[in-house]
Amino acid sequence: MAVSDHVNLEQFMQGLKRRNPGETEFHQAVYEVAANVFDYISDKEIYHEMQIFRRMAEPDRVISFRVCWEDDNGNIRVNRGYRVQNNNAIGPYKGGLRFHPSVNQSILKFLAFEQTFKNSLTGLPMGGGKGGSDFNPKGKSDNEIMRFCQSFMTELYRHLGEDTDVPAGDIGVGSREIGYLFGQWKRITNRFTGTLTGKGREYGGSPIRTEATGYGTVYMLQDMLKQAGEDIEGKKVLVSGAGNVATYAIEKINQLGGKVITASDSSGFVHDPHGIDEERLAFLMHLKNVRRGRIEEYAEEFNVDFYEGKRPWQVQADVALPCATQNEISQKEAQTLIKNGIKAVSEGANMPTEQDGIHDFINAKVLFAPSKAANAGGVAISGLEMSQNSARRTWKEEELQDLLRNIMGDIHESCVEYGKADDGYIDYVKGANIAGFIKVADAMIAYGVV
Ligand code: NDP
């Protein structure tokens, strides 16, 4: 077999940008991993010879389709649906569906690429995929949501299956949407298998799936602090977002003795110096998850400050948990956090910190857990939902709580193994990228040129 030329990182990125014009989020996600992997493989000829990283940065396939549905006024509406099947070297494609007006091919390619490494880190047999639509669920009636989900699945079902591709929820896709999607999949295929995860408990869902991502993000934080001789007790914590990941991260911080002083949504953030304790969290969960209201109502209810159109990163605290969306911590905001003495950042959302902000955190020796490690708890429990569905049984909640804790502990260990610098600082970004890469890369080598 011919030995390839060793392209350097810059040349590789130029080629990637040429082949994927305008897909800036995808470029950003690939660069983040490539920066570490190129260094790691520099003296490992087989990865070059087999063009492994280049193959990883080219999705297995990208499916895009029209989704027509009828609104409550009888108007025909047209959206675009996608599924990016990035890599199935170590298991069926697995990753969430996102319904949000900002969804486009670049965002889904970045998420599917990231998911491949994240799923590998969990130690479970899952490949990487991601999908969704530019459909905006906000302000739609339940019937409109149902009709959209049914139309979306009427096209997507042919690409899915319990051993092929297993979607789950993400932004804008919660238990209501998963119910409609799975109901349609089951109706078309006349089969009942674990082809979606995040299902309701009555029809094959796993205990603790709802809590898993937020809890896992906090477990990662706990392990990083422990490694550095500290713990969560008494720490002041900034959280962004007020959705699934954010609210369960707040719950776990409370259980471990920390105090969360902010939460946000796309309209702004609230600063609550008293702390979002159990009672206030119950209000927030009901407000956002059930009533789908604005976070300003929290400020009114508890008489605290609301900052319209702002993010919480200028508030002084010990720890930051970005749990809303991508690129929500700019470099400038990262610098503000560092100046204010932030000790640790654990990313609950996917890629919430801009590239330069990550470098600043690492240079300042902040403990920084990237999303592919810190928020892997959700997909880990989804993987275990697949196992339960295959075995046609449900495991006990305590068993799953223990498994989640252990998986997050193992991910932390993998990051330490591959990310420890000579001075003892753990570069969790490097650790996660390399640990996630090795397993997928070695499986791809085993298959030859496919
Ligand atoms: P939800 O839809 O439940 O919540 C998202 C939250 O983020 C909402 O509070 C929303 O506010 C806010 N938000 C969304 N977009 C923006 C924006 N552009 N600016 C400011 N705030 C915004 O989603 P999840 O909690 O499930 O997901 C949050 C993040 O975590 C995403 O990055 C997702 O990919 C990631 N993730 C989620 C997993 C899961 O298990 N749910 C698993 C792994 C990663 P508003 O209500 O105003 O829209």
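Up top is the structure these notes are about.
Since we're looking at a predicted model, the values are computed, not measured.

Enquirer: Could you clarify how one ought to interpret the sheet that holds strand S7 (residues 259-260) in this entry?
Expert: Backbone-to-backbone hydrogen bonds join strands into a sheet, with any given pair of strands oriented parallel or antiparallel. One open sheet holds the 5 strands; their spatial order is S7-S6-S11-S12-S13, and the pairing between them is parallel. Since the sheet does not close on itself, it has two edges, and those belong to S7 and strand S13 (367-369), each with one partner. Sheet topology places strand S12 (residues 344-346) next to S13; 3 bridges connect them, and they run parallel. Directly across from Val-345, in S13, lies its bridge partner Phe-368. Of the strands in this sheet, strand S11 (319-322), S12 and S13 are in contact with helix H8 (residues 209-227), which crosses S12 at around 150°.

Enquirer: What's the story with the nonpolar core in this structure? I'm lost.
Expert: Most often, soluble globular proteins keep nonpolar side chains buried together rather than apart. Counting residues in each nonpolar core, the largest one holds 61 residues, and the members touching the most others are Leu-284, Tyr-298 and Leu-321. Take this core: its biggest share by element is 8 residues, from H8. Taken domain by domain, this core gets at least three of its residues from each of domain 2 (61-192) and domain 3 (211-374). In contact with Leu-321, not counting residues within four places along its chain, are Thr-217, Val-218, Leu-221, Val-237, Leu-238, Val-239, Ser-240, Ala-249, Ile-253, Trp-313 and Ser-346.

Enquirer: I would appreciate a short explanation of the site of the ligand in the present structure.
Expert: Close to the ligand lie 24 residues, the nearest being Arg-98, Asp-170, Thr-213, Ser-266 and Asn-350. The separation between an oxygen atom of the ligand and a polar main-chain atom of Ala-242 is 3.0 Å. Starting from 900 Å² of accessible surface for the ligand in isolation, the protein chains cover 82%. For the shell around the ligand, a count of residues per class yields 6 nonpolar, 11 polar and 7 charged. For the shell around the ligand, the two domains that each supply at least three residues are domain 2 (61-192) and domain 3 (211-374).

Enquirer: Any chance you could explain the pairing of S11 here in plain terms?
Expert: Look at any regular strand and the pattern is simple: side chains alternate between the two faces of the sheet. Because side chains alternate across S11, one face comprises the buried residues Val-319 and Leu-321, and the other comprises Ala-320 and Pro-322, equally buried. When strand S6 (residues 236-240) meets S11, the two strands line up parallel, connected through 4 bridges. Looking across to S11, one finds that Val-237 is bridged to Val-319. Bridge analysis of S11 against S12 gives 2 bridges, and the strand direction is parallel. Bridge pairing in S12 links Val-319 to Ala-344. The β-α-β motif built from S11, the intervening helix H12 (residues 331-339) and the parallel element S12 has right-handed crossover chirality.

Enquirer: What is the right way to look at a negative patch on the surface in this model?
Expert: Among the surface-exposed residues, Glu-397, Glu-398, Glu-399 and Asp-402 lie close enough to one another that they form a single negatively charged patch. Relative to the assigned elements, Glu-399 resides in helix H16 (residues 397-419).

Reading guide: rules and limits
Residues numbered from 1 in each chain as written. Predicted model: local features only at pLDDT ≥ 70, side-chain atom pairs only at ≥ 80, totals over all residues. Heavy atoms only, no water. Pairing = 2+ DSSP bridges. Helix = DSSP H or I, 4+ residues; strand = E, 2+ residues; numbered from the N terminus. Contact = heavy atoms within 4.5 Å. Axes fitted to C-alpha atoms, helices over the stretch in contact; angles between N-to-C directions. Core = buried A, V, L, I, M, F, W, Y, C linked by side-chain atoms within 4.5 Å. Buried < 20%, exposed > 50% of the residue type's maximum accessible area, 1.4 Å probe, protein only. Domains from an automatic or database assignment. Near = heavy atom within 4 Å. Polar contact = N/O pair within 3.5 Å; in protein donor to acceptor, adjacent residues only side chain to side chain. Areas by Shrake-Rupley, 256 points an atom, 1.4 Å probe, with all protein chains shown as cover. Nonpolar A, V, L, I, M, F, W, Y, C, P; charged D, E, K, R; others polar. Right-handed = clockwise from strand over helix to strand, strands pointing away. Patch = residues over 30% accessible without salt bridge, like charges linked within 9 Å, V, L, I, M, F, W, Y side chains within 5 Å. Salt bridge = Lys/Arg side-chain N within 4 Å of Asp/Glu carboxyl O. Lys, Arg positive; Asp, Glu negative; His and termini not counted. Charge placed at Lys NZ, Arg CZ, Asp CG, Glu CD.

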